[in-house]
Amino acid sequence: MTDVTAETGVLAAQLSLDLSFDGVPANPLVVLPLDSWRDAPAAAADAARLVAGALPVTVGVLAGPATPSLEPLIEAATLTLTPAADSGLSGRALVPAGDIPGSPDLAGAMARLRAAVERSPRAAITCGQLLRQTAGLDAAGGLAAEAAAYSLLLGGPEFARWLASRGEPRGRAPVPSPVLVSRDGDRLSITLNEPGRRNAFSAGLREALLDALLVAEADSSVSSVTLRGAGPAFCSGGDLDEFGTAKDLVAAYLVRLSRAPWRVIDRIAPKVRVYAHGACVGAGTELAAYAGTVIAAPDAFFELPEVRMGLVPGAGGSVSVPRRIGRWRAAWLMLTGDRLPAATALRWGLADEIG
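Every chain is numbered on its own, with residues counted from 1 as its sequence reads. Local features in this predicted model are restricted to residues whose pLDDT is 70 or higher, and side-chain atom pairs enter the listing and the counts only when it is 80 or higher, whereas totals over whole chains, interfaces and linings include all residues. The basis for the side-chain values is all heavy atoms of the structure; hydrogens and waters are excluded.

## Things to note about the pairing of strand β8 (residues 272–276)
This is how the line gets drawn: Burial classification: accessible surface area is computed with a 1.4 Å probe over protein chains only, and a residue below 20% of its type maximum counts as buried, one above 50% as exposed, and the rest as partly exposed. Secondary structure counts use DSSP, requiring at least four H or I residues in a row for a helix and at least two E residues in a row for a strand, with both numbered from the N terminus. Two strands form a pair only when DSSP identifies at least two bridges running between them.
Here β8 shows a buried face lined by Val272, Val274 and Ala276 and an unburied face lined by Arg273 and Tyr275. Bridge count between strand β7 (residues 224–229) and β8: three bridges; the pairing is parallel. Across the sheet, the residue bridging to Leu227 is Val274, located in β8. Across four bridges, β8 lies against strand β10 (residues 293–296) in parallel orientation. Across the sheet, Tyr275 pairs through a bridge with Ile295, a residue of β10.

Following this line, the structure appears as C-alpha cells:
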C-alpha cells in the first residue's frame, strides 16, 4: 500500500502540465499502468480524482481484466488500452488493441498514440479536454465549445505547419448543384453531389445541405430523410482548398455555430438515415454520427484526421461521435486519425447496420 501511495504522489507531479516559454507542452501524454492499482481501491480513487482534472492526455494501459476497483481510473482517463474487448465492466471506456487497424499489441498501440500526440501536442491536449467538456454538456453547449476550440487552433503553429505542407490550393470551380434533393410522398432524399471531389465538405456544399435539411425540419409532412453521397465516397471531409482561408477567427467561430447542418440533423435525428460508403472522413464521420440510423456499406471507413492537422473535429464530431461510441474510443479515433472499417464501426456503435 505504501508503494501505491507513493505512486500517487509521483502521478500528481506527472500530471502537472509543463509548458516551455513559447507554450510547447513538454509532457502532453501521461501513461497510467493500471494493473498496479488493482489491489488498492482507495489509492485508485485518489488517483482518479487527479487524472480527472489533468490537462495532459492520460492513457491507461490495462493488461488484465477491468475490476471494480479500477473503474474510477478508467472512467477518468482520456482512454484506456487493453488487449481485447471487455463486455463487462467499463465497456466503451476501453480501446481493445485487437480492434485497432493492424492489430498491434499494447506496446505497439501505445507507440502509435504517443507518436500522434507528440506530432500535434497542443491539438491533442485540446482534443482531450474538449471531449471531457462535451460529455457533460447538452448539444448546444458542446457545439459552442467545439467551435471555440477549433477556431482558436486555426491561429496556432501546428495548423500553420500542416497548411505549409499542403501546398497551394488547386482552385477547382464549384459544381452548379452540390446537393440534390428529391421527394417521394413523405420521404425526402438528399444526395451530396460533388463526386469528382469525393463530396468534399466545401462552404457551397455546406450551405446547400443546410438549406435542404431546414426544409426537412420545417415541413412536418416529411416523415423520413435519407442522406447519401454520389460517386465513390460518402464524404471525404473538409475541402482542403478552403483550409486557411479564414482570416477573422471570431467570424469563423460564429459561422460554425450559425451555419451548421449538423445542428439540424441532431434536431430531426429520429427520421434521418445515412447511407455511408467509401471514405467517411472528418465531416463525413461527424455528420453521419448524428443520424438516427447509420447504414454502412462494406467498403465504408470512418476517419477523423483533424488533430494530425493541428485542429480538432469541427463539424460537430466532439458531440456526435462520443454519443455513439463513448468519449474514450472517440479520443482514440481523433488523436490517432486511425481508419475504422465498417465491421469495427458496427461493433463500436458508429454504424447501426452493414448494407
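## Focus on the sheet that holds strand β6 (residues 187–192)
Threshold: Any two residues whose heavy atoms approach within 4.5 Å are treated as being in contact. For helices, the axis comes from a line fit to the C-alpha atoms of the stretch in contact; other axes are also lines fit to C-alpha atoms, and the angle between any two N-to-C directions lies between 0 and 180 degrees.
Spatial strand order, β5-β6-β7-β8-β10-β13: six strands in an open sheet with mixed pairing. At either margin of the open sheet sits one strand with a lone partner, and together these are β5 (179–184) and β13 (353–354). Pairing between β10 and β13: two bridges, direction parallel. Its bridge partner lying in β13, Ile295 is registered against Glu353. Lying on the sheet, helix α8 (residues 203–218) is in contact with β5, β6 and β7; it crosses β6 at an angle near 175°.

## Looking at the side chain of Arg324
Residue placement: Arg324 occurs in helix α12 (residues 317–336). Look at Arg324 and you get buried, because its relative accessible area is 14%. If we ignore the near neighbours within four places in the chain, the residues touching Arg324 are Arg92, Ala289, Ala291, Gly292, Thr293, Val294, Trp348, Gly349, Leu350, Ala351 and Asp352.

## Observations regarding the packing of helix α11 (residues 283–290) against α12
Note the cut-off: Our angle categories are set so that under 35 degrees counts as roughly parallel, over 145 as roughly antiparallel, 65 to 115 as roughly perpendicular, and the remainder as oblique. In a left-handed crossing the near helix is turned counterclockwise from the far helix by less than a right angle, and in a right-handed crossing that turn is clockwise.
Orientation of α11 relative to α12, taken along the N-to-C sense of each, is 60°, at an axis distance of 8 Å. Put simply, α11 runs oblique to α12. In the packing of α11 onto α12, the handedness of the crossing is left-handed. Touching Thr285, Glu286, Ala289 and Tyr290 of α11 are Gly317, Val319, Ser320, Val321, Arg323 and Arg324, all from α12.

## Brief notes about the nonpolar core
The condition that has to hold: The definition of a nonpolar core used throughout is a set of buried Ala, Val, Leu, Ile, Met, Phe, Trp, Tyr and Cys residues joined through side-chain atoms within 4.5 Å.
Counting residues in hydrophobic clusters, the biggest one holds 109 residues, and the most contacted among them are Leu79 and Leu81. By residue number, the principal contributor to this core is α12, which donates ten residues. Every residue in contact with Leu79, bar those within four places of it in the chain, is listed here: Thr58, Val59, Gly60, Val95, Leu113, Trp328, Ala331, Trp332 and Leu335.

## So, α11
A large share of α11 lies buried, amounting to eight of its eight residues. Within the span of α11, buried status applies to Ala283, Gly284, Thr285, Glu286, Leu287, Ala288, Ala289 and Tyr290.

## Quick word on the sheet that holds strand β3 (residues 79–82)
Within the open sheet, the four strands sit side by side as β1-β2-β3-β4. Their pairing is parallel. The sheet is open, and its two edges are formed by β1 (29–33) and β4 (94–96), each paired on a single side. Mean inter-strand twist for the sheet, computed between neighbouring axes without regard to direction, equals 30°. Relative to β3, strand β2 (residues 57–61) runs parallel, the two being bridged by three bridges. Looking at β3, one finds that Gly60 is bridged to Thr80.

## Regarding the environment of Leu153
The topology assignment puts Leu153 in helix α6 (residues 139–153). A residue is classified by how much of its surface remains accessible, and Leu153, at 9% relative accessible area, is buried. Through-space distance from the C-alpha of Leu153 to that of Leu249 is 9.4 Å; in sequence the pair is 96 residues apart. Filtering out sequence-adjacent residues up to four positions away, Leu153 remains in contact with Ala123, Thr126, Phe159, Gly310, Leu311 and Val312.

## Re the packing of α6 against α12
We count it as follows: Nonpolar residues are Ala, Val, Leu, Ile, Met, Phe, Trp, Tyr, Cys and Pro. Charged residues are Asp, Glu, Lys and Arg, and all others, Gly as well, are polar.
Following both chains from N to C, one finds α6 and α12 inclined at 125°, their axes separated by 8 Å at the closest point. Overall, the two elements α6 and α12 adopt an arrangement that is oblique. Between α6 and α12, the contacting residues are Ala139, Gly142, Leu143 and Glu146 on the first element and Gly317, Ser318, Val319 and Arg323 on the second. Residue composition of the contact of α6 with α12, grouped by class: three nonpolar, three polar and two charged.

## Some words on the environment of Arg172
Along the chain, Arg172 turns up in the loop between α7 (157–166) and β5. Residue classification places Arg172 among the partly exposed positions, given a relative accessible area of 40%. Expressed as a C-alpha distance, the spacing of Arg172 and Ala54, which sit 118 residues apart in the sequence, is 44 Å. Not counting residues within four places of it along the chain, the set of residues in contact with Arg172 comprises Gly196, Arg197 and Asp241.

Shape descriptors only; they carry no functional weight alone.
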